[in-house]
Every structure is written in C-alpha cells, then in structure tokens.
Amino acid sequence: MSATVALPLNAADTAAAVCGHCGQPAPAGRDFCCAGCAAAHDIIQGLGLGRYYRQRLLDAGARALRPEPAERADLCRRVVTKADGTHELTLAVDGLQCGACVWLIESVLAREPDVMAGRVNMTTRRLRLAWKGAATDADRLVSRIEALGYRLVPFDTTALAAAQDRTGRALLRALAVAGFAAGNVMLISIGIWAGQGHVLDQIGPATLALLHWLSALIALPAVAYAGRPFFASALAALRQRRTNMDVPISLGVLLVTGMSLAETFRGGAHTYFDSAVTLLFFLLVGRVLDHRARGQARATAEQLLALRAVDVGVLQPDGTVQRRGQEQVADGDRVLVATGERIGVDGVIERGSAALDTSLVTGESLPVQAEPGVAVYAGTLNLGAALTIRATATGAATLLAECVRLIEAAEARRGRFVVLADRVGRLYAPVVHTCALLTFLWWFFVERVAAGQALLTATAVLIITCPCALALAVPAVQVIATGRLFRGGMLLKSATALERLAMVDTVVFDKTGTLTEPMLALAEPPDPEDLRQAAALAASSRHPLARSLLAAAGPVAPADGVVEQAGQGLHCQGPDGLTRLGSRGFCGIDAAPAEGPELWLCRPGRPPVCFRFQETIRVDARDTVAALRGMGLRLKLLSGDRADPVARIAAAVGIEDWRAGCTPMEKTDRIEAERAQQRHVLMVGDGLNDGPALAAASVSASPSSAADISQTVADLVFQGSRLAPVLIALRVARQARRVMRQNLALAIAYNVVMVPLAVCGWVTPWLAAAAMSSSSLLVMANSLRLHRRTRS
C-alpha cells in the first residue's frame, strides 16, 4: 500500500495521531501531517532504508523533520573544483536528530553513482559532499536530501554560532528560573518545618494554607517554564513509542507537583513543591554543562577554520600578485608570503629566508629559521622577510585542514560516550511504568477494589519510584565535584568529563608549556643593570625570547625609538650611539654558535652581553609524575621538539616512555593506537599542534597559558604554574565515580525496599512522597562527602 494512503483510525488513535515521518501532530484520520512528509516516507521506503524509523530518536528541541519549500542559495558559487575534475561542497544540515539521521543521509548519497564521498559530522552538523561530473549537480544532490525533510545551506559558522547561543540562553533562563524558585520555596518550607518541629499547633491552619499557596504560586510557573526541556523530550520519545530518562523525570515532577497542589486545595499538612523545583534546578545544571560541551568541537573547528580563512597572494607570470581564496590556489602556484603574514598553503620555499613560528606543527614556541628547499605548512607565521613558496597542497588538502578533520572526527566519536545515569535510565523507565500498571491491574481485577483505590495504590507506586534520587545521583555529584575543582583553579568544561577522567589508565604529556614552564628561563643570573637595559628594548617585541627576557626582568619602562628588524633583533639610538639586542649576527658577534637559544646585547663602548635561555620544568612536575605513577597510571611523553631536549626533560621528571619530533598526526595516531588497545587516555597539552591529539584522547587537559584552540578542545583547563591540578582532578574524578555508584546503589536499594510495600497497599501517596524526599536527601548527603579532601 502506498504510504500516501491514510489508514482508518479509531477515536483513541485520532486524538494522539502523529505524523509517521516527522513526529508532529497529524490531522485526524491521516498518517502524515502533509504531502511533503508522505513523499519523504515513500522515498525512504523505496530506497530500502525503512529501518531509519526504528533507529531514530527525535530531539524535541530540534527543527521538525518536515520537507518545506525554501529558497536555495546559489550553490554553484560555493562549489570547489579540484584539479582532477571532481567537485566538493560543504553544507550545514538543519534537522539532524540523532545518529540515525546521519546514517540515512549518508545511505541516500551512497546510492548516487556520481557521489564519491558524503560524510555528515553530527557534532558540527556539517555535510562534506564530493562528486564527479558537472558542478551544477550540486542542486540535484542537495534536493535528494532536502526531500527527506532536512534543510541544507552553505556552511556558515556565524549562523551556527547564533543558533547555539539561542539554545544556550534558553537553558540558562530556565536554570535561573528553577534556581530562583528552588531557593524561595525552600525558604518557605523551612518556615513550615520549623513551625511544626516541636509543637504541631504552632502554625495555625490559615497560616499553613497561606504558606502552601505561596509555594504553589512560585513553584507552578517555575515547573511549567523550567521543565520544558524535559517535558518536550519526554513527549517526543512517547510519540515515537519509546522511553528515555526524561519520561519518568517528567512524570515524577508532574505527579509530585499535582499531588502537592491537590493537598493545597484540600488544606493538607504536607506539600512537596520544593522537591519538584530543586530536582529541576539540579537537572538543568547538567543540561547546561552538556550543551556547552557539545559546542566545544564546533568552536574548535571554527578557530582552525579562521586560520585558513586568509587570502593568499599568488604570483602571476607578469610579476603581479593576485589575491585568491585558499581553495582557488592550485598545486604548483607560486605564493608570496609577506612579513607577519600567515602562510595559507603547504609548500616548499623557493626564494627567501626567514624565521617562522611553527608552533602549529611542532608545538615549540621558539621560531625556526627556514631556507630555500624547506617544507612549510599552512598556519605557520612568517616572522622574517618575504618568502616565495611553491604550493604543494592547498585548501582541504593542507596539514591545517587535516587537523580540522582529525578534531571533528575525534569529537564526534567522543560525543557517543553514554553517561552512567543514561545507561541506568534506559532500563529504569520501562520497569517503573510496568510495575505501576501491574499494580493497578492487580488491585482492580484480582483484589476487586474500587477503581479509585486501585489508582491511589498505583499512584503511590509511581511516586515511590519517582526517579528523583536516581536523577540526582549523577548531577548532584557533578555539581559538587565541578565546584570543588573550580575553587582549586580547575575549570571542568564537559558534562561527561568527570566520568571519563575516572576511567583514565594512561596519561600522555606534551613537553613545552606542559611539563615545562611556558616561558624560557635565563640559564645564568645576569647583571641587574644589563638585564634592565635589555628588557627595555625587549618590551617592544612579541618575539618569544624577548617575552622571556622581559618576564625575567619584571616591570620595566620600554625604551624610546625602538626599531625591530624581523627575524634579526631590535635597535634604538641612544646618546652614545646605537644599542642592539638580537642574534649574534645582528649584533656582529664572531663566536661559535651556542647549543641553545640566546640573545646578545651590544652597547657603544661596552663589552657585549649574552643572555642564554633554557627550559625549566614546572616546580612540582617530578612529584606529580611520581604520584600519577603511584596511582597505577601508564605515563608517556610525546613532543614535536628535538630528541636532546625531550630526553633531558623526560629524565628530569621521571618519564621513561618518550618520543620526539612528533607531528600533530603522529601524536593523534599514537593516541588512537592506545585507545585501540582499550586504553583510556588523558592527554595534557598546550600547543596549537596538540589540538587533534587533545580531541582524540578519551579526555584532555590544558593549562590556562595554552593556545586558545587547545583550551577550547580540552575538557579541563587548569590555572597556575603547577602540574598538580592534573593529579587532583584525577583523584576527585575517581572519588566522584565511587560516590555516583553509591548514589545509584542507594536509589536502587530504596526502590527495592519501598516498591513492594507500595504494591501491597501499605504506603499512602503522602507517605510515598515523604519516602521519595528522604531518598533524595540521602543521595544529596552522600554527594556532599566530595567536599572532603581526597587522599587516593
């Protein structure tokens, strides 16, 4: 039978009819809400992809999966044509609900003979499409996906960020409302408890009723507003004939609120508005953290894409320079890179010599001198004279683009991590609802009691099994542990990072800026006056050695008239002549080259002064490494620096397993190899080149002095000059995991004891609510043990 033919529905079905494709309400007596959804259903079934409807789980917060006519942007202008005649297009996908949507889109594209690649990234909601044939085929391929109900637009990071901000602001508003209501209702409840604590008639019926009505006036609007994320998610799951953790949460909140309102109407002594709004507050804290965590991969990719979003100066045969986008540069083109410009392509230097900031590739902050014949990479910064580069890779084929893909792929895989509460919740909801239904059926049909009494007993079962304690078991621990880490100078950015930290069995360190101090230190104490004069010149430069010299000197007034010669040094005209600070060649020093970095200070009539620099390990690096080894963790060091300094630092901190000269891809490959052996890897790094490795690891950490991209990717950012926060975070995470499991055990044990009593009819609804509140308080009290200092 064609999917467009409506099947007859009875009256009960008509009231709850939903569209068989998008899940939205459908007209009475029809299977689909519109002709577009019916056509999309036909397409999916015709391609043999019907199991999509069984696999998907709709997100109520996402746009309805409904085909709608819309104006399409001119896609041909966004198509990138490669040298081999193939075409590429990057699009943002609106309407993605879950992993089944990714599978459906990729499966439909795979059935197109001309499509070479069609890959969807769930985290960034980006579709990368590659095909052979005509560039105008882009419209036809996009139409195939839009016919399913998705909306495809050219990838625009600004628009995506705006949508992300709207969702984040909505969650924060809901959190603020729940927090306000929880605080005020709890204050009223304390007044009621205090008045009833010793002499039951201390509060008269009128006063008690007034306080209950005040609680209701605050709690009811708050529950209606702050509970929307959970109610919408539960409704979407029920429309798809599924359950999720939000179903029992929503049911529990509504039952407790409804029962409390009924008690308020009839002048009862007990209400539990405080339990409902407090539960919503803690749950929303977890939702906000989760939302921010999902946005990290997108922000990371955007930062790296911003490095790529620079025009490239291409030399023409007549000697003129034409500015082009990176995607329009062909292999073999000659590119001119000016002083201070970021290189936009991978290539080989043909002409010129300059110092390059290669921190994106090697992670090392010290510039590298590049000569003709040396390979350079996109994202590298030219600190010296102009260079002419012969392009060998452009656009999506560059090393920088590969870093973007590595980060996105790793973040998408990490996004599939299922938190402990969700794993328990998948089984909890069906069991709870079945138990309540069987209770009603037993009392009504077997015991032959009145329907009202059977319903009252079933309601007691539902209230007893309200997942307040279970829902608080993990968020309460997360909030307390995150707060404790924050007070210690550690910002935990991901909602799932705490559980992933607790699973770590391998720690991989970067060297520069992680095991060592971010700034180089002077190898020998200089004369204070020489240091002050050199620092006065260094204050006018952003060169890494100049910044290290200035840090060693402390506050100093910059010298006047300082001129910087890129890649050479600084000079200024003084009363006695020209003063120089820079390389030995710039200062005219005739001596054997030093093994390490150095700066020379030359002044008229005075002997030259050499400032030699060396890396220094963080003050507690060796002790922290020893403590981590004492926890049974495997320790590794991966660095992009040369072998000699890496070996020296590894020996100084006590790490035996180390490797030098690692590129970003090599670091990522080694971490992937560890994870393939079922290892749970913590990566600690700070450089631009550590971004892919940080994303590939099971969990990651960066110091606050790290590059912006590394801090964005990392799950944990710690402040200060010490490495101990890594150790503290691991210990807190392990303790938090123990407390989470204890909380879940307490919640389950409470249900095991109380549910049989409720099923037998020995627990009234008000007593069930009291027991439910007691279990929540027990879970909270157990969670508060995290405030104690961790010793293991």
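Heads up: the structure comes first, above all this text.
These remarks concern the structure in this document. (Residues numbered from 1 in each chain as written. Predicted model: local features only at pLDDT ≥ 70, side-chain atom pairs only at ≥ 80, totals over all residues. Heavy atoms only, no water.)

**Quick look at the overall build of the chain**
- Secondary structure assignment for the chain yields 27 helices and 27 strands.
- When contacts within the chain are restricted to residue pairs at least 6 apart in sequence, long-range pairs at least 24 apart make up 67% of them. (Helix = DSSP H or I, 4+ residues; strand = E, 2+ residues; numbered from the N terminus. Contact = heavy atoms within 4.5 Å.)

**Things to note about the pattern of salt bridges**
- In this structure the tally under the stated criterion is 17 salt bridges.
- Between E674 and K636 there is a salt bridge, with the nearest N and O atoms lying 3.5 Å from each other. In this pair, E674 sits in helix 23 (residues 664-676) while K636 sits in strand 23 (residues 634-638), placing the two residues 38 residues apart along the sequence.
- Each of R634, K636, D657 and E674 takes part in a single network of salt bridges with overlapping partners. (Salt bridge = Lys/Arg side-chain N within 4 Å of Asp/Glu carboxyl O.)

**Quick notes on a nonpolar patch on the surface**
- Nonpolar side chains collect at one region of the surface, where L437, L438, L441, W442, F445 and V446 lie side by side and expose about 590 Å² of accessible area between them.
- Examined against the element boundaries, L441 turns out to sit in helix 13 (residues 420-446). (Patch = residues over 30% accessible without salt bridge, like charges linked within 9 Å, V, L, I, M, F, W, Y side chains within 5 Å. Areas by Shrake-Rupley, 256 points an atom, 1.4 Å probe, with all protein chains shown as cover.)

**A short note on the sheet that holds strand 14 (residues 387-393)**
- Read across the sheet, six strands follow the order 7-6-8-14-9-12 without closing on themselves; strand pairing throughout is antiparallel. Two strands in the sheet have a free side with no partner beyond their single neighbour: strand 7 (321-324) and strand 12 (375-376).
- Bridge analysis of strand 6 (residues 312-315) against strand 7 gives four bridges, and the strand direction is antiparallel. Opposite V314, over in strand 7, you have Q322 as the bridge partner. (Pairing = 2+ DSSP bridges.)

**Concerning the sheet that holds strand 25 (residues 681-684)**
- Judged by pairing direction, the sheet is mixed, and its seven strands sit side by side in the order 15-27-26-25-16-23-24 without closing on themselves. The sheet is open, and its two borders are formed by strand 15 (490-492) and strand 24 (658-659), each paired with just one other strand.
- The pairing of strand 16 (residues 506-509) with strand 23 spans four bridges and is parallel. What sits directly across from F509, in strand 23, is L637.

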